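Chain by chain, the residues:
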Amino acid sequence: MKIKKQLLGMTLDELKEVASSVSLPGYAAKQLADWIYKKKVTSIAAMTNIAASKRELLEENYEIGAKGPVDQMKSVDGTIKYLFSTHQDSFVESVYIPTEDRATLCVSSQVGCKMNCLFCMTGKQGFTANLTANEIMNQIQSVPEADQLTNLVFMGMGEPLDNTDELFKVLEILTSSYGYGWSPKRITVSTIGVKKGLERFLRESDCHLAVSLHSPYSRERLSLMPVEKAFPAKDILELIKKYDFSHQRRVSFEYIVFKDLNDSVEHAKELATLLTGIPCRVNLIRFHAIPGVPLESSDLARMESFREMLNRKGVVCTIRTSRGEDIFAACGMLSTAKKQEKEDF
């Protein structure tokens, strides 16, 4: 069977090449983009303002490349985890998180992850592949709630800034007039601090940034996140200080609070010192337990004390509401189970 190229996930420049390949005029690229990203068609045949003969030519080598989730789990709190298959015959997850005033989708950027953070189920899978722009856009465009989305966070499986070429194609599509036309302020990209990718992101994007920190102490962070050896938090913070986060673009720091590990008053004081000079927010996160990892989440009283200490030190800090625990909303849980089920079969 002939393998066709997917149009979903192509930028306008790439669509111009597609149009040229079937002798369509240059303006047809915008027509293609309009059908794919605004009208969200799932077949080339639906592109009725393109001549039937040209659609037939397109169909010989191309397809939209949109496909729905293969599985889903819904939480009692309304959170829905979707499972998507990939070109590598693997699985990735997206999580739809509705609140009173927002509808946020958390998307994945890789199959597995190279970073092997102690607390992350995706890291236990190892790394399989970078997702293509098609596979990332498909998560966004193929969830049933696609037209309701108000915000997007790249906080799913994988490290987004370890897959910058495909990530930046998606960010272009999401924020360009030919695509979704979203404000960059509706999008947050999370990272553990891959320096080269972060430098590019800070230079080229106006989207919000979220940095996984989890400890103010280098040795302790290294025990949780091996990436600390290659990309120390202090170096990442110095890089961030060179950019302006005092206006619309925001930077936040993700801090999973582990019982008797990183939840002391001393940790809060050191964290405040570390973040001096950076207008930011710290998000405290409960730990979702995963198999084989001897870590526990700190209790609410301890987290509240941590939050108040940071606020007194002038660092805006909030406790993120935990969502979807009953459906294994921690990244990697559902895809790992599906992968194991497939292997056992």
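Residues numbered from 1 in each chain as written. Predicted model: local features only at pLDDT ≥ 70, side-chain atom pairs only at ≥ 80, totals over all residues. Heavy atoms only, no water.

1. Some remarks on the pattern of salt bridges
Then comes step 1: Under the defined criterion, the tally for this structure stands at 17 salt bridges.
Then comes step 2: Among the ionic pairs, Asp34 bridges to Lys39, the shortest N-O distance being 2.3 Å.
Then comes step 3: Among the residues examined, Lys39 registers a relative accessible area of 46% and is labelled partly exposed.
Then comes step 4: Here Lys114 ties to Asp162 by a salt bridge, and the two come within 3.2 Å at their closest N and O atoms. Taken together, the positions of Lys114 in the loop between strand S7 (110-112) and helix H4 (121-124) and Asp162 in the loop between strand S9 (151-154) and helix H6 (164-175) put the pair 48 residues apart, joining distant regions of the chain.
Then comes step 5: Overall, Lys114 belongs to the partly exposed group, its relative accessible area being 48%. (Salt bridge = Lys/Arg side-chain N within 4 Å of Asp/Glu carboxyl O. Buried < 20%, exposed > 50% of the residue type's maximum accessible area, 1.4 Å probe, protein only. Helix = DSSP H or I, 4+ residues; strand = E, 2+ residues; numbered from the N terminus.)

2. Observations regarding the nonpolar core
Then comes step 1: Grouped together as the largest cluster of nonpolar side chains are 103 residues, with contacts concentrated most on Leu7, Tyr37, Met47, Ile140, Phe154, Phe253 and Val282.
Then comes step 2: Ranked by residue count, the leading element in this core is helix H2 (residues 28-38), at 7 residues.
Then comes step 3: Residues contacting Tyr37, with those up to four places away along its chain left out, are Leu7, Leu8, Gly9, Met10, Leu15, Met137, Gln141, Ile173, Tyr178, Gly179 and Tyr180. (Core = buried A, V, L, I, M, F, W, Y, C linked by side-chain atoms within 4.5 Å. Contact = heavy atoms within 4.5 Å.)

3. Some details on H2
Then comes step 1: All buried positions along H2 are accounted for by Ala28, Ala29, Leu32, Ala33, Trp35, Ile36 and Tyr37.
Then comes step 2: On the buried face of H2, the contacting elements are helix H1 (12-21), helix H3 (52-61), helix H5 (133-142) and H6.
Then comes step 3: Backbone geometry just downstream of H2 places Lys40 in the positive-phi region, at approximately 55°.

4. Some details on H1
Then comes step 1: Turning to H1, its buried residues are Leu12, Leu15, Val18 and Ala19. Along H1, the residues classed as buried sweep out an arc of 105° about the axis, all on the same side. Of the exposed residues in H1, the ones pointing more than 90 degrees away from its buried face are Asp13, Glu17 and Ser20.
Then comes step 2: In the core, the buried residues of H1 are packed alongside H2, H3, strand S2 (62-63) and H6. (Arc of directions from axis to C-beta.)

5. Some points on the pairing of strand S5 (residues 91-98)
Then comes step 1: The buried fraction of S5 amounts to 6 of the 8 residues, a majority that puts the element mostly inside the structure.
Then comes step 2: By the bridge criterion, 6 bridges tie strand S4 (residues 80-85) to S5 in an arrangement that is antiparallel. Within S5, the position partnered with Tyr82 by the bridge is Ser94.
Then comes step 3: Connecting S4 to the antiparallel partner S5 that follows it, the hairpin turn spans 5 residues, and Asp89 within it adopts a positive phi of roughly 65°.
Then comes step 4: Hairpin connection between S5 and strand S6 (residues 103-106): a loop of 4 residues separates the two successive antiparallel strands. (Pairing = 2+ DSSP bridges.)

6. Concerning the packing of aromatic side chains
Then comes step 1: Using the criterion set out here, one finds 4 aromatic pairs in the structure.
Then comes step 2: Ring geometry for Phe119 versus Phe258: centroids 5.8 Å apart, planes at 40°, classification tilted. Placement of the pair is Phe119 in the loop between S7 and H4 and Phe258 in the loop between strand S12 (251-257) and helix H11 (265-274), with a sequence separation of 139 residues. Here Phe119 and Phe258 have matching classes, each one buried.
Then comes step 3: On the basis of an interplanar angle of 65° and a centroid distance of 5.9 Å, the ring pair of Tyr180 and Trp182 is categorised as edge-to-face.
Then comes step 4: With relative accessibility at 9%, the residue Trp182 sits in the buried group.
Then comes step 5: Taking the ring centre of Phe127 as reference, the NZ or CZ of Lys114 above it sits at 4.8 Å. (Phe/Tyr/Trp six-rings, centres within 6.5 Å; stacked < 30°, edge-to-face > 60°. Lys NZ or Arg CZ within 6 Å of the ring centre and 35° of its normal.)

7. A short note on the layout of surface pockets
Then comes step 1: Empty space within the second largest pocket amounts to approximately 220 Å³.
Then comes step 2: Considering the residues around the second largest pocket, the lining is formed by 14 residues, among which Lys5, Gln6, Met10, Glu14 and Lys169 are closest to the centre.
Then comes step 3: If you list the elements that add at least two residues to the lining of the second largest pocket, you get strand S1 (5-6), H1, H5 and H6.
Then comes step 4: Per-element accounting of the lining of the second largest pocket gives the leading share, 3 residues, to H1.
Then comes step 5: Of the residues belonging to the lining of the second largest pocket, the class tally is 5 nonpolar, 4 polar and 5 charged. (1 Å grid on protein atoms, 1.4 Å probe; cavity = no way out; pocket = protein on both sides within 12 Å on 5 of 7 lines; lining within 4 Å. Points joined across faces, edges and corners; volume = space filled by probe spheres on them. Nonpolar A, V, L, I, M, F, W, Y, C, P; charged D, E, K, R; others polar.)

8. Digging into empty space enclosed by the protein
Taking a probe equal in size to a water molecule and rolling it over the atoms shows the remaining empty space.
Then comes step 1: Applying the stated criterion across every chain, the model contains 1 cavity of 30 Å³ or more.
Then comes step 2: Looking at the lining of the largest cavity, the elements that each hand over two or more residues are S4 and H5.
Then comes step 3: For the lining of the largest cavity, the element with the most residues is H5, which contributes 3 residues.
Then comes step 4: Here the residues of the lining of the largest cavity are counted per class, giving 2 nonpolar, 6 polar and 2 charged.

9. Notes on the environment of Gly179
Then comes step 1: Here Gly179 shows up in the loop between H6 and strand S10 (187-191).
Then comes step 2: Expressed as a C-alpha distance, the spacing of Gly179 and Ile36, which sit 143 residues apart in the sequence, is 8.4 Å.

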